[in-house]
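Coordinate analysis (summary)
Single-letter residue listing:
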Amino acid sequence: NNIKPGPTTINVGHWDGVNVYDLDGDGKSEVFLRIANNVTLGDGQIFHNDGYEPYYPYVDWDQWIGCIDGMTGTIKAKSPIPNTYIEHGPMGARFGIGYLDGIRPSLISVMLNRDKKNKFHFLIASYSFNDDGEFVMNWFWDRKDTDVCDEGHQTRIADVDFDGKDEVLEIGFTLNG
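Bear in mind that the values here come from a model prediction, so they are computed numbers and not experimental data.

The next subject is the overall build of the protein. The helix and strand inventory of the protein stands at zero helices and 11 strands. Listing each helix as α and each strand as β along the protein from the N terminus yields β-β-β-β-β-β-β-β-β-β-β. The C-alpha atoms of the protein give 16 Å as radius of gyration, which agrees with the globular expectation for 177 residues (16 Å, within 12%). If you line up the protein on its principal axes, its C-alpha atoms span 50 × 45 × 25 Å. When each of the 177 residues of the protein is scored for burial, the buried share is 43%. With an accessible surface of roughly 9,400 Å², the protein has 50% of that area assigned to carbon and sulfur atoms. Each charge class in the protein can be summarised by its mean position, and for the 15 positive and 28 negative side chains these summaries are 7 Å apart.

Structure, rendered in C-alpha cells:
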C-alpha cells in the first residue's frame, strides 16, 4: 500500500526505502533500508531489537535505519527512526546521499505517514557514521502541523547555493543541510 506502507516496505510507488553507498568510507558499499522486528536479513538472520517480545500482543511499528554489509548481508549498524508520529503507523521512506557538511556523506531519509483523517505527517532525517564509527542520526526536521512546506514525490540533494554543502530539496522548499 503506497499510502500506508508497512514498517519494512521496499519499492512501492515513490517510497523506494533502500539505498546503496559506501557511507563508512571502507571502500565497500553498504545497503541502507528500513528494518523492524522480524525482518530477515540477507545472511538469513532475523532481526530483533533489544527488548523484543515475540508473543506480546501489539503491532510493532518501531523502525530503524539498518546499515547492512553489502558483501555478507549482515547488519553492521542501526539507528532509530524518530517515532514522533508512531501512533499513525510506520513511516514510508525515500533515501538519498548528500554531503551536508561538505565533507562527510550522509544518508538522507524523507519519511511520511498518514493518519485516519488523511493528514500526512512528514519528517526528514540525516544519518551518518560519526568519528567513533557509530551510525547515528545527526538531525531530523519535522514539518509539524503546517502545510507551508509541501512534500512531493521526489527528493533531490544538491549544492544549490554553491557553498560546498548539499541541501535537501522538496517541491515547495529547500532545507539547508
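In spatial order, the strands read E5-E6-E7-E8; together these four strands make up an open sheet with antiparallel pairing. Bordering the open sheet on either side are strand E5 (92-98) and strand E8 (135-142), each of which pairs with just one other strand. Taking the axes of each pair of neighbouring strands and ignoring which way they run, one obtains an average angle of 25° across the sheet.

Tracing the chain through its elements places Asp 115 in the loop between strand E6 (106-114) and strand E7 (120-129). Within the buried set, Asp 115 has no salt-bridge partner at all; the shortest N-O distance to an opposite charge, 6.5 Å, is to Lys 119. Within the structure, Asp 115 has its side chain in polar contact with the backbone nitrogen of Lys 119 (distance 2.9 Å). In terms of polar contacts, Asp 115 uses its side chain to reach the side chain of His 121, at 3.1 Å. Ignoring sequence-local partners within four residues, the contact set of Asp 115 consists of His 88 and His 121.

What follows concerns the pairing of E8. Taken together, the seven bridges between E7 and E8 define a ladder with antiparallel strand orientation. By the bridge assignment for E8, Ser 128 is matched with Val 136. Linking E7 to E8, which pair antiparallel, is a turn of five residues; within it Gly 133 sits at a positive phi near 80°.

If you trace the backbone, Ala 158 turns up in strand E9 (residues 156-158). Classification of Ala 158 as partly exposed rests on a relative accessible area of 29%. For Ala 158, the residues in contact, after removing those within four places along its chain, are Asp 166, Glu 167 and Leu 169.

Criteria and thresholds
- Residues numbered from 1 in each chain as written.
- Predicted model: local features only at pLDDT ≥ 70, side-chain atom pairs only at ≥ 80, totals over all residues.
- Heavy atoms only, no water.
- Helix = DSSP H or I, 4+ residues; strand = E, 2+ residues; numbered from the N terminus.
- Rg over C-alpha atoms; globule rule 2.2 N^0.38 Å.
- Buried < 20%, exposed > 50% of the residue type's maximum accessible area, 1.4 Å probe, protein only.
- Areas by Shrake-Rupley, 256 points an atom, 1.4 Å probe, with all protein chains shown as cover.
- Lys, Arg positive; Asp, Glu negative; His and termini not counted.
- Charge placed at Lys NZ, Arg CZ, Asp CG, Glu CD.
- Pairing = 2+ DSSP bridges.
- Axes fitted to C-alpha atoms, helices over the stretch in contact; angles between N-to-C directions.
- Salt bridge = Lys/Arg side-chain N within 4 Å of Asp/Glu carboxyl O.
- Polar contact = N/O pair within 3.5 Å; in protein donor to acceptor, adjacent residues only side chain to side chain.
- Contact = heavy atoms within 4.5 Å.

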